[in-house]
Amino acid sequence: VDDDVSQACPYVYVNHTGHIRWDRMLRLVSACNLEIFRFPFDVQNCTFTFGSYMHTIRDVRVSPALTFSEMSENSKQYLEASGEWELVDILGETSILQFGVDEWDIITFWVVIRRRPVLYVVNLLIPSSFLMLIDILSFYLPPHSVDRASFKMTLILGYTVFLLIMNDLLPSTANGTPIIGIYFSVCLALMVISLLETVIITNVLHHSSMKYQEVPNWVRIVVLKHIANLICYRWPEDVRPTHKTQEDKPESSNSNTEAWVIQPVNQAANSNPTHNGVSLPELQLICQYLRDLRAHLLSVQKENELLDQWCHVGYVLDFLLFRIYLLLISCYAMVIITMWCIWISQS
């Protein structure tokens, strides 16, 4: 408690009955032990104890001039609590302190004050909610785009700067951590999880373009079949889920195209060297070119099919992780909002 800095009153009121009254104004500055777990919706209870430690009840009797309810009403009516605190109630009781054979009068006051949370809701909770909303909407960016990962990383950096600025507004005490600090930490962790999900999906989507590996059979069954049905994944009209690898079908033997019969060189030398004006070496060269072209087209078609399969695996996983992310954020937000609503109603 700091020293009294109020002005002294030089007047004493003497009554004909022998009662003497001396009004003394006191200005006390005290420190309260703050419970900041519910910050910024916290309610603090400060205790003040008054009594004479030099004079016992045989010398001085200490008693309140008004009832505690009247003190509370007068304080609410005439005192304007400016700033971030508002007066809720003033409670009190009178008691006698016994120590040995001596007794002292003690008056205890409990001053209940409540923090005005509007400043912290506007400066802390609403900006954080907007950043989390932007992080959720970033899932609607194309998964195969590199801008999605860079956007999420920029968002995490912006949220980190926001936490550094926010640190000056939070109360710094060693009694505990406010739940709003835990809220911000969990939001940052969710953003990091969102970035990791984007990294995983990007790796899956670029997997086939780098190695052109076959999609494992268990991935087709688990991801493209069961998980896709679970999350109600909408397949494109021209694409259907495949659970078995497509094998190259042999060409029909009933083809209407004519097949060129290539004879050995020694037999070709004895036969007619031309056929409809085209020499045999040129026909062999054309057939070789056609075989190479067919092999190249089959290779490109297979690569495109593998690419489409890996893309659909990535899209299904992206849908699944996005819904899990939404579920986590929704549950966490509901818990935090419910706790704060209960605290506000109790206060």
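Residues numbered from 1 in each chain as written. Predicted model: local features only at pLDDT ≥ 70, side-chain atom pairs only at ≥ 80, totals over all residues. Heavy atoms only, no water.

> Explain the pairing of strand β5 (residues 102-115) to me, using residue names and the numbers behind them.
Counting buried positions along β5 yields 10 of 14 residues, so the element is predominantly enclosed. Note that strand β3 (residues 43-51) and β5 share nine bridges and pair antiparallel. By the bridge assignment, C46 is partnered in β5 with V111. Count of turn residues in the strand β4 (residues 85-99)/β5 antiparallel hairpin: two residues, of which G100 carries a positive phi of about 75 degrees. (Buried < 20%, exposed > 50% of the residue type's maximum accessible area, 1.4 Å probe, protein only. Helix = DSSP H or I, 4+ residues; strand = E, 2+ residues; numbered from the N terminus. Pairing = 2+ DSSP bridges.)

> An account of unusual backbone geometry is requested, with residue identities and associated values reported.
Note that the residue after F39, namely P40, is joined by a cis bond; omega there is 0 degrees. Looking at the element boundaries, P40 is found in the loop between β2 (20-21) and β3.

> Explain the sheet that holds β3 to me, using residue names and the numbers behind them.
A sheet is described by the order of its strands in space; here three strands give the open sequence β3-β5-β4, paired in antiparallel fashion. Of all strands in the sheet, those bounded by a partner on one side alone are β3 and β4. Across this sheet, the average inter-strand angle for adjacent strands is 20 degrees, counted without regard to direction. Its contacts with the sheet put helix α1 (residues 68-78) on β4 and β5, and the angle it makes with β4 is roughly 150 degrees. (Axes fitted to C-alpha atoms, helices over the stretch in contact; angles between N-to-C directions. Contact = heavy atoms within 4.5 Å.)

> Now, about the nonpolar core: what can you tell me, with residues and values included?
L124, Y159, I180, F184 and W340 are the most contacted members of the largest nonpolar core, which totals 31 residues. Listing elements by their share of this core, those giving two or more residues are α2 (118-137), α3 (146-166), α4 (179-205) and α8 (280-346). With residues up to four places along the chain from it excluded, the contact list for I180 reads F39, P40, L124, L125, L170 and W340. The next biggest cluster of nonpolar side chains, apart from the first, holds nine residues, and it includes V204, V223, W310 and V313. (Core = buried A, V, L, I, M, F, W, Y, C linked by side-chain atoms within 4.5 Å.)

> Lay out the UniProt feature "transmembrane region" (unreviewed entry) in the protein chain in plain terms, naming residues and giving numbers.
With numbering matched to this structure, UniProt assigns "transmembrane region" (unreviewed entry) to residues 118-141, 153-170, 182-205 and 324-344. Within residues 153-170, the helical portion is 78% and the strand portion 0%, while the C-alpha atoms at the span's ends are 25 Å from each other. Annotated as 100% helix and 0% strand, the span residues 182-205 places its first and last C-alpha atoms 35 Å apart. (UniProt positions renumbered as here; feature names shortened; annotations may be inferred.)

> Hey, could you go over the confidence of the model for the protein chain for me, with residue numbers and the actual values?
Across the protein chain, pLDDT averages 76, with 77% of residues at or above 70. Throughout residues 243-272 the model reports pLDDT below 50, and contacts reaching past four residues in sequence, or to other chains, amount to 18 contacts. (pLDDT = per-residue confidence, 0-100.)

> Go over the state of the cysteines with me, naming the residues and quoting the values.
Summed over the entire model, instances satisfying the criterion amount to one disulfide. Through a disulfide, C32 is tied to C46; the S-S separation comes to 1.9 Å. In this structure, the disulfide formed by C32 and C46 twists by about 140 degrees around the S-S bond and is classed as right-handed. A residue pair is termed long-range when its members are at least 10 positions apart, and C32 in the loop between β2 and β3 and C46 in strand β3 qualify at 14 residues. (Disulfide = S-S within 2.5 Å.)

> Mind laying out a nonpolar patch on the surface, listing which residues take part and the relevant values?
Together, V118, V122, I126, F130, L133, L137 and Y140 make up an exposed nonpolar region whose accessible area comes to about 730 Å². Within the fold, Y140 resides in the loop between α2 and α3. On the basis of relative accessible area, Y140 is assigned to the exposed category, the value being 64%. (Patch = residues over 30% accessible without salt bridge, like charges linked within 9 Å, V, L, I, M, F, W, Y side chains within 5 Å. Areas by Shrake-Rupley, 256 points an atom, 1.4 Å probe, with all protein chains shown as cover. Salt bridge = Lys/Arg side-chain N within 4 Å of Asp/Glu carboxyl O.)

> Let's hear about the pattern of salt bridges: which residues, and what values?
Pairing of side chains with opposite charge becomes possible as their charged atoms draw close. Evaluated as defined, the whole model comprises six salt bridges. With a shortest N-O distance of 2.6 Å, R61 and D105 are connected by a salt bridge. With R61 in the loop between β3 and α1 and D105 in strand β5, this pair connects stretches of sequence that are 44 residues apart. Overall, R61 belongs to the exposed group, its relative accessible area being 58%. We classify D105 as buried; its relative accessible area is 6%. When salt bridges that share partners are traced, they join D42, E84 and R115 into one network.

> Give a detailed account of the packing of α2 against α4, specifying residues and quantitative values.
The geometry of α2 relative to α4 is characterised by a closest axis approach of 11 Å and an angle of 15 degrees between their N-to-C directions. By the angle between their axes, α2 is roughly parallel relative to α4. When you trace α2 past α4, the crossing you get is left-handed. Residue-level contacts link L124, L125, S128, S129, L131, M132 and D135 of α2 to I180, Y183, F184, C187, L190, M191 and S194 of α4. (Parallel < 35°, antiparallel > 145°, perpendicular 65-115°, else oblique. Left-handed = near helix turned anticlockwise from the far one by under 90°.)

> So, the environment of P178: which residues are in play, and what are the values?
Within the secondary structure, P178 is located in the loop between α3 and α4. A relative accessible area of 6% places P178 in the buried class. Distance from P178 to I36, taken between C-alpha atoms, is 5.4 Å for residues 142 residues apart in sequence. Residue contacts for P178: discarding those within four places in its chain leaves I36, F37 and F39.

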